[in-house]
Amino acid sequence: TSQRMSFYEERKKLLFSDDEFMKEQIDEYLVGNVDEIIGYNQKERSPPSKDQILAELPAIAETVFTFICNDLLERPPMEELESYAKGPTEQFRSYLIEKVREAYALKEQQVDRIKPNLMRQLERYVILDRLDNNFRKQEEDMKFLKDSLSMGQYSGRNPYDMFGIEGRSMFQSMKDKVRRDIVYTMFRIKE
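Comments concerning the overall build of the chain
Regarding its fold elements, the chain presents 7 helices and 0 strands. In the chain, the succession of α and β elements from N to C terminus is α-α-α-α-α-α-α. The principal-axis extent of the C-alpha atoms belonging to the chain is close to 55 × 45 × 25 Å. Within the span of the chain, comprising 191 residues, buried residues form 39% of the whole. Accessible surface, the chain: about 11400 Å² in total, of which carbon and sulfur atoms supply 51%. Averaging the positions of the 31 positive and the 36 negative side-chain charges in the chain gives two centres separated by 4 Å.

Here's the deal with a negative patch on the surface
A cluster of like negative charges, contributed by D18, E20, E24 and E28, occupies part of the molecular surface. Along the polypeptide, D18 turns up in the loop between α1 (2-15) and α2 (19-38).

A look at the pattern of salt bridges
Two side chains that carry opposite charge are able to pair once their charged atoms sit near each other. Tallied over the entire structure, the rule returns 14 salt bridges. E108 is the salt-bridge partner of R120, the closest N and O atoms lying 2.9 Å from each other. Taken together, the residues span a long stretch of sequence, with R120 in helix α6 (residues 118-150) and E108 in helix α5 (residues 89-114) at a distance of 12 residues. As far as burial versus exposure is concerned, R120 and E108 are alike and both buried. With a closest N to O distance of 3.4 Å, R179 and D176 form a salt bridge. Of this pair, R179 and D176 both sit in helix α7 (residues 159-187), 3 residues apart, roughly one helical turn.

Some details on unusual backbone geometry
In this structure, D71 is a non-glycine residue whose phi angle is positive, near 60°. Looking at where D71 falls in the secondary structure, it is placed in the loop between α3 (50-68) and α4 (78-86). For D71, a relative accessible area of 53% gives the class exposed. Unlike most non-glycine residues, N117 shows phi in positive territory, near 70°. Mapping N117 onto the fold places it in the loop between α5 and α6.

A few points about the environment of Q138
Tracing the backbone through its elements, the reader meets Q138 in helix α6. The spacing of Q138 and E56 is 82 residues in sequence and 32 Å in space, taken between C-alpha atoms. The contacts of Q138, once residues within four sequence positions are left out, are Q3, G167, M170, F171 and M174.

Details of α7
Residues spaced three or four apart along an α-helix face the same direction, because each turn holds 3.6 residues. Along its 29 residues, α7 runs 42 Å from first to last C-alpha, staying within 8% of the 42 Å computed at 1.5 Å per residue. Among the residues of α7, M162, G167, F171, M174, V178, R179, I182, V183, T185, M186 and F187 are the ones counted as buried.

Remarks on the packing of α2 against α5
At a minimum axis separation of 10 Å, α2 and α5 run at an interaxial angle of 135°. Comparing their axes, α5 and α2 come out oblique. Along this stretch, α2 crosses α5, giving a crossing that reads as right-handed. Taken together, the residues of α5 that come into contact with α2 (itself represented by K23, I26, D27, L30, V31, V34, D35 and I38) are F92, R93, L96, I97, V100, R101, Y104 and E108. Of the residues in the contact of α2 with α5, the class split is 10 nonpolar, no polar and 6 charged.

Quick word on the side chain of E108
Residue classification places E108 among the buried positions, given a relative accessible area of 13%. Within the structure, the side chain of E108 is placed 2.9 Å from the side chain of R120, a separation counted as a polar contact. Contact partners of E108, with chain neighbours within four places excluded, come to K23, M119 and R120.

Some details on the side chain of R124
The residue R124 is located in helix α6 in this model. Not counting residues up to four positions away in its chain, the partners in contact with R124 are L14, L15, S17, D18, D19 and M22.

Conventions used here
Residues numbered from 1 in each chain as written. Predicted model: local features only at pLDDT ≥ 70, side-chain atom pairs only at ≥ 80, totals over all residues. Heavy atoms only, no water. Helix = DSSP H or I, 4+ residues; strand = E, 2+ residues; numbered from the N terminus. Buried < 20%, exposed > 50% of the residue type's maximum accessible area, 1.4 Å probe, protein only. Areas by Shrake-Rupley, 256 points an atom, 1.4 Å probe, with all protein chains shown as cover. Lys, Arg positive; Asp, Glu negative; His and termini not counted. Charge placed at Lys NZ, Arg CZ, Asp CG, Glu CD. Patch = residues over 30% accessible without salt bridge, like charges linked within 9 Å, V, L, I, M, F, W, Y side chains within 5 Å. Salt bridge = Lys/Arg side-chain N within 4 Å of Asp/Glu carboxyl O. Contact = heavy atoms within 4.5 Å. Expected span 1.5 Å × (residues − 1). Axes fitted to C-alpha atoms, helices over the stretch in contact; angles between N-to-C directions. Parallel < 35°, antiparallel > 145°, perpendicular 65-115°, else oblique. Left-handed = near helix turned anticlockwise from the far one by under 90°. Nonpolar A, V, L, I, M, F, W, Y, C, P; charged D, E, K, R; others polar. Polar contact = N/O pair within 3.5 Å; in protein donor to acceptor, adjacent residues only side chain to side chain.

Shown next, in the form of structure tokens:
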């Protein structure tokens, strides 16, 4: 299937990539997590409203500085966060991305003190591990979906169309989960 081909292409790129590619891949995951937290829709390039951000600001701060950054950075005062949140949404997004990148750089320094370039090796291992484990589960879920569609659980709808729609949605959800798992794991590596 196209999902399997996409998976193997990504896996091959990761296996044979240089350190710069790994760094770019992790940065893409970091940005994706920040976007998800603030409700930025990447596909439509539509930012959340200021009202949405301000209403969710305590939860956003908790998620970014505790859950993602694992308390590597001192949490900025709420007034500072509010001043960014009241400005243009893209400015607030950039501020959070900068903070997450800063925290990741600190984590990288901690890990690389053990052995130079250890972080890139760990990134490669963690990404491949999460991809492999989640893709195996995805294949099981797709078999279950196929079986449920063949049993006519989508009465009145073309099962082939439903398989394609549901399958793409499940694949995207798997990719999002992999991204979240990778970032969470990388920030929790101990010295």
